[in-house]
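Coordinates in review
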Amino acid sequence: MLSPIKIILLLAVVAGVFLIARMVRGAVKKGGNPVDTGYSNEKDEGADPTEMEKCPNCGTYVSALEDHRCKR
Ligand SMILES: [Zn+2]
């Protein structure tokens, strides 16, 4: 049988691991993905029209028509 002290210690260890994992995740989120911001479709439009397709609906140049949604 497990003694109450062992159970409490086990819970403490689990809680500690949980908190550490949370802190690590928070730090990764804070310092993470700088690529995501500032990289939008609007920037792509002016990049290289020769390698891009022109949308037949709105005339915007896009790298992939499948991913493109016309602005309304
Ligand atoms: Zn379009």
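Just above, that's the structure.
One structure accompanies this document, and this report is about it.

Thresholds applied
- Residue positions are counted from 1 within each chain, in the order its sequence is given.
- The predicted nature of this model means local features are confined to residues of pLDDT at least 70 and side-chain atom pairs, given and counted, to a pLDDT of 80 or more, with totals for whole chains, interfaces and linings taken over all residues.
- With hydrogens and water excluded, all non-hydrogen atoms of the structure serve as input to the side-chain values.
- Helix numbering and strand numbering both begin at the N terminus, where a helix is a DSSP run of H or I of at least 4 residues and a strand a DSSP run of E of at least 2.
- A simple rule labels every residue: compare its accessible area, found with a 1.4 Å probe on the protein chains alone, to the largest value its type can have, and call it buried under 20%, exposed over 50%, or partly exposed in between.
- Computed by Shrake-Rupley with a 1.4 Å probe, the accessible areas treat only the displayed protein chains as cover when residues are assessed.
- Counted as donors are the N, O and S atoms within 2.8 Å of the metal, or 3.2 Å for Na, K and Ca, while water is not among the atoms, so some sites may look incomplete.
- The geometry test gives tetrahedral to four donors whose angles all lie between 85 and 135 degrees, gives square planar to four donors and octahedral to six donors whose opposite members are over 155 degrees apart with all other angles between 65 and 115, and gives irregular to the rest.

A look at the overall build of the protein chain
Each helix and strand counted, the protein chain has two helices and two strands in total. In sequence order, the protein chain lays out its α and β elements as α-α-β-β. For the protein chain, the residues scored as buried account for 10% of the 72 residues in total. For the protein chain, the accessible area works out to roughly 6,900 Å², and carbon and sulfur atoms hold 62% of it.

Observations concerning the coordination of the zinc ion
The protein atoms that coordinate the zinc ion are Cys55 (SG), Cys58 (SG), His68 (NE2) and Cys70 (SG), at distances spanning 2.0 to 2.4 Å. Geometry at the zinc ion is tetrahedral, judged from the four donor atoms that bind it and their angles of 106 to 115 degrees at the metal.

A word on the environment of Ala64
Along the chain, the position of Ala64 falls in the segment after strand 2 (61–62). In sequence terms Ala64 and Met52 are 12 residues apart; their C-alpha atoms lie 7.4 Å from each other.

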